[in-house]
Amino acid sequence: MKGASGTRGSPAFVATPAMPAAANWRAAADSLSGALFWLIPAIVVVFLLLPILVAVFLSFDDRDYLGAFPPTAFSLRWYRSFFDNPAYLQGLVTSIELALLSTAVSLVAGTAAAIALAGTRWRGRHGLEALFLSPRLVPTVVIGFSILGFASALHIFDAFTRLVMGHVIITIPFTIRAALASLVGIRRNLVEAATSLGASPWQAFLDVTLPLAKTGIIAGGLLAFVLSFDEVAVSLFLADAFNQTLPIVLVAEMRTNLNLTVAAIATAFTALTVVIVVFLDRTVGLDNVIGKGLYGR
Amino acid sequence: MTQHGLELDRVVKRFGDHVAVDEASLVVAGGEIVALLGPSGCGKTTTLRLIAGFEKLDGGRIEIAGKSVLGQPPFQRQIGLLFQDYALFPHMSVAQNIDYGMRKHAVPAAERDERRRTLLRLVRLEGLEQRRPSALSGGQQQRVALARALAISPKLLLLDEPLSNLDAKLRETLRVELREILRSVGMTSLIVTHDQLEAIALADRIALMNNGHIAQIGTGREIYEEPATRFVAEFIGQSLWFTGKLEPRHEAGHARFRCDDGNGFVVVPPTGDTSRDHGLAIRPEHVHIRPRPGDLNRIPVDVARVEFYGSELIVHCRVVGSDRMISIPVRSDDPHIPEAGTRAELGVAPERCRVIEDDYRRGVAS
């Protein structure tokens, strides 16, 4: 496919009467590879998005049993049923508290780490950055299990504290990366200019660095909030009966009595996530918060 | 006598094994504008950063307005800094940029408004107070940066390559403008630049820097006419350089310089120290294509090529019996322009032959 796409477009025009068969064959292979080039991603996108669309449709289903798709009547009954179930509501409260607290911790620690990383020309910087970002590479199940063991070794038996620990670990790479992306873009000259004008290093940080990095830091915080809110695997290890996050409650409900409240919550989650992701992309660019090498730009 | 505006005394800065600034000494009088001129990597930017306090001194002393700034952090030095890329705060308006330093220095609001208005008038940017820097042209940004630096009533103004970020046409207009502004505020200023024209146009005196030390200090004319070393002679303007030895024998107020390629020159005995490696520097415009009376030095040459540049021609000659090329400018209305392929005789007066130190060889020899 690579070879064929490398000569895309040209074989049909350079074909000479002397060797029409080969040229035709190459032209055919070329258009086939061109079609596959679009078809494969299209299939992937369809398979990723279709289930979500199905869930969205089902969440508005008026039937009180899991019937055949598509629904025959629509209502908001599953959205209402969410508020009738105290377990869901308690889970929502726990999830919001947890997401707020772990985002706050992750934001402060992550921004501090990013400032340290951005402000140094020390050679070990890249290694340290990789270390800080490494929780992204560790399976969440492993993180959950490790935190559980670590917390008990520290005699921390409060489930909420454990949950905060776990959620900070999984969100901190994102707050670091987002803050770093915006800090690296701030020229050192600006801070030096503020200093030469009479600002102490701390004043220069507050007056110049922070306002310029603000958007990136906020973006990292939003992403951390969403990640914490959606998190299941780590929470499963760290939660107890009194500290159940919404995703955990959902999993438990699905096991015992499957109904379409799950679809309603999933739809609400998706909508929230889409809003935040679009906001992130508009403000700082999604590439800067997740993916792509930072210094290679 | 006014006190010194700025004094550098045997300033040293090392980065690892590399000595960036090597015992540089310089005195700038109060209100004087001095250009620190040199090729890239000569240590001029490091010197500026040392004065501003962004780098720590490894040796020597820096005094601003008569007081040592040793150990003083940059935010206490009260130095106005004009950055090469202006470094305007992008999230603040023009007025906020200018006010920033005054707020940090606790200038009362009324005086702040007054000073801002005066400065905006000085840099001719009235009416643009509420603009963001991104909505200004390069030249306007530079003037905002200058107003911001002047707003703190600095004891010293440092300008880092002030015109290098502008395109060539704009640079010439702004050079004149910047000079007028600097003259009118009468502030002690040090301009770091690699551009001779910028240095000559803006500064009262030029300090030429090379390899971390100051090679020569003087007005543009002094440096051009009496270069102290080979580096100076070749960095400022153009020079023909001949390596050789000064002969000890003097005759009738003249000495002889014996070039390594066998040619000899009659020169005026140098007043300076000739114990170090030295050589002979001649400005090309002092070489005459038809010897004049008093041109005791005659050099037979073959004319290799004549290039036409409008008001001027460049005649490229090869010294007879050697590979040495000499290129000299001739006015195009000169009635005696030699033709390529002919033989000619060049003339140089002894007073125009300068025997000076060869600082290129010093490094090798020592």
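Residues numbered from 1 in each chain as written. Chains lettered and ligands numbered in written order. Predicted model: local features only at pLDDT ≥ 70, side-chain atom pairs only at ≥ 80, totals over all residues.

**Student:** Explanation requested: the overall build of chain B in the structure shown.
**Tutor:** Along the backbone of chain B there are nine helices and 19 strands. Once local pairs closer than 6 in sequence are excluded, the contacts in chain B between residues at least 24 apart make up 67%. (Helix = DSSP H or I, 4+ residues; strand = E, 2+ residues; numbered from the N terminus. Contact = placed C-beta atoms within 7 Å.)

**Student:** How should I be thinking about the overall build of chain A in this particular structure?
**Tutor:** Scanning chain A from terminus to terminus reveals 14 helices and zero strands. Tracing chain A from N to C terminus, the helices and strands come up as α-α-α-α-α-α-α-α-α-α-α-α-α-α. Contacts in chain A between residues far apart in sequence, at least 24 positions, make up 74% of those at least 6 positions apart.

**Student:** What is the right way to look at the interface of chain A and chain B in this model?
**Tutor:** The figure often quoted for interface size is the accessible area lost as the parts come together. Between chain A and chain B, the contact holds 15 residues from the first and 16 residues from the second. Of all the secondary-structure elements, those providing two or more residues to the side of chain A that touches chain B are α9 (188-196) and α10 (201-230) of chain A. Per-element tally for the side of chain A that touches chain B: the top contributor is α9(A), with six residues. Of the residues contributing to the side of chain A that touches chain B, the split by class is seven nonpolar, six polar and two charged. (Nonpolar A, V, L, I, M, F, W, Y, C, P; charged D, E, K, R; others polar.)

**Student:** What is the right way to look at the domain arrangement of chain B in this model?
**Tutor:** Residue and element names in this part refer to chain B. Domain annotation of chain B identifies domain 1 (4-230) and domain 2 (238-365). Look at where the C-alpha atoms of domain 1 and domain 2 centre, and you get two points 39 Å apart. Listed per partner, the contact involves four residues of domain 1 and nine residues of domain 2. Residue composition of the side of domain 1 that touches domain 2, grouped by class: two nonpolar, one polar and one charged. (Domains from an automatic or database assignment.)

**Student:** Please explain the sheet that holds strand β15 (residues 297-309) of chain B as it appears in this structure.
**Tutor:** For sheets, the rule is that strands pair by backbone hydrogen bonds, running either parallel or antiparallel. All names here are of chain B. With antiparallel pairing, four strands are arranged side by side in an open sheet as β17-β16-β15-β18. Each having just a single partner strand, β17 (325-331) and β18 (343-348) make up the two edges of the open sheet. With direction set aside, neighbouring strand axes in the sheet form an average angle of 45°. Strand direction decides the pairing type here: β15 and β18, joined by six bridges, are antiparallel. For V301, the partnering residue across the bridge sits in β18 and is A344. (Pairing = 2+ DSSP bridges. Axes fitted to C-alpha atoms, helices over the stretch in contact; angles between N-to-C directions.)

**Student:** Honestly, the sheet that holds strand β1 (residues 4-15) of chain B in this entry has me stumped. Any pointers?
**Tutor:** All names here are of chain B. Taken together, the four strands give an open sheet; going across it, the order is β2-β1-β4-β5, and neighbouring strands pair in antiparallel fashion. Where the open sheet ends on each side, the last strands, each with one partner, are β2 (18-29) and β5 (67-68). Sheet topology places β1 next to strand β4 (residues 59-64); five bridges connect them, and they run antiparallel. Looking at β4, one finds that E7 is bridged to E63. Running over the sheet, helix α1 (residues 44-52) touches β1, β2 and β4 and is turned about 65° from β2.

**Student:** Where do I start with the domain arrangement of chain A in this structure?
**Tutor:** All names here are of chain A. Here chain A is described as being made up of domain 1 (2-59) and domain 2 (80-289). Averaged C-alpha coordinates put domain 1 and domain 2 at centres separated by 40 Å. Contact residues are listed per partner, giving five residues for domain 1 and six residues for domain 2. Tallied by class, the residues present in the side of domain 1 that touches domain 2 amount to four nonpolar, one polar and no charged.

**Student:** Which parts of the structure should I look at to understand the environment of A:L238?
**Tutor:** Among the secondary structure elements, A:L238 is positioned in helix α11 (residues 233-238). For A:L238 and A:I147, which are 91 residues apart along the polypeptide, the C-alpha to C-alpha distance reads 7.7 Å.

**Student:** Looking at this structure, I do not really get the environment of B:A344. What am I missing?
**Tutor:** All names here are of chain B. As for its placement among the helices and strands, A344 is situated in strand β18. The exposure class assigned to A344 is partly exposed, which follows from the 18 C-beta atoms found within 10 Å. Remark: the alpha-carbon pair of A344 and C317, spanning 27 residues in sequence, is separated by 8.7 Å. (Buried ≥ 20, exposed ≤ 12 C-beta atoms within 10 Å, placed from the backbone.)

**Student:** Before we go on, may I ask you to explain the pairing of β15(B) in this structure?
**Tutor:** In the case of a regular strand, side chains alternate between the two sheet surfaces. Residues and elements named next belong to chain B. Sheet topology note: the β15/strand β16 (residues 312-319) ladder contains eight bridges and is antiparallel. Note that in β16 the partner of E307 across the bridge is I314. A loop of two residues connects β15 with β16, the two strands running antiparallel in sequence, and G310 in this loop sits at a positive phi of about 75°.

**Student:** Help me understand the nonpolar core, please; the structure alone is not making it clear to me.
**Tutor:** It is characteristic of soluble globular proteins that their nonpolar side chains tend to be buried jointly. Membership of the largest hydrophobic core comes to 101 residues, with the highest contact counts inside it found for B:L158, B:I191 and B:L208. In terms of residue count, helix α4 (residues 138-151) of chain B provides more of this core than any other element does, seven residues in total. Residues contacting B:L158, with those up to four places away along its chain left out, are B:L48, B:I51, B:A52, B:I79, B:G80, B:L81, B:L82 and B:L190. Among the nonpolar cores identified, the runner-up in size contains 48 residues, and A:I147, A:V164, A:V226 and A:L246 belong to it. (Core = buried A, V, L, I, M, F, W, Y, C linked by C-beta atoms within 7 Å.)

**Student:** I tried to follow the packing of α4(B) against helix α5 (residues 168-185) of chain B on my own but got confused; where do I start?
**Tutor:** Two numbers describe a pair of packed helices, the interaxial angle and the distance between the axes. Residue and element names in this part refer to chain B. Taken N-terminus to C-terminus, the directions of α4 and α5 make an angle of 15°; their axes are 11 Å apart at the nearest point. When the interaxial angle is binned, α4 and α5 end up roughly parallel. The two elements α4 and α5 cross, and the hand of that crossing is right-handed. Residues G138, G139, Q142, L146 and L150 of α4 lie in contact with α5, whose contacting residues are L170, L174, I181 and V185. Taken together, the residues that form the contact of α4 with α5 break down as six nonpolar, three polar and no charged. (Parallel < 35°, antiparallel > 145°, perpendicular 65-115°, else oblique. Left-handed = near helix turned anticlockwise from the far one by under 90°.)

**Student:** In this structure, what is going on with the pairing of β4(B)? I would like to understand it.
**Tutor:** Residues and elements named next belong to chain B. One ladder, built from two bridges, connects β4 with β5; its direction is antiparallel. Bridge assignment links E63 to a residue of β5, and that residue is S68. With antiparallel pairing between neighbouring strands as the criterion, β4 and β5 make up a hairpin whose turn holds two residues, including A65 at a positive phi of roughly 50°.

**Student:** Explanation requested: unusual backbone geometry in the structure shown.
**Tutor:** What you tend to see is this: most non-glycine residues have negative phi, and most peptide bonds are trans. Residues and elements named next belong to chain B. Of note, R124 is a non-glycine position whose phi angle comes to about 55°, a positive value. Checked against the element boundaries, R124 lands in the loop between α3 (109-122) and α4. The exposure class of R124 is exposed, given the 12 C-beta atoms found within 10 Å.

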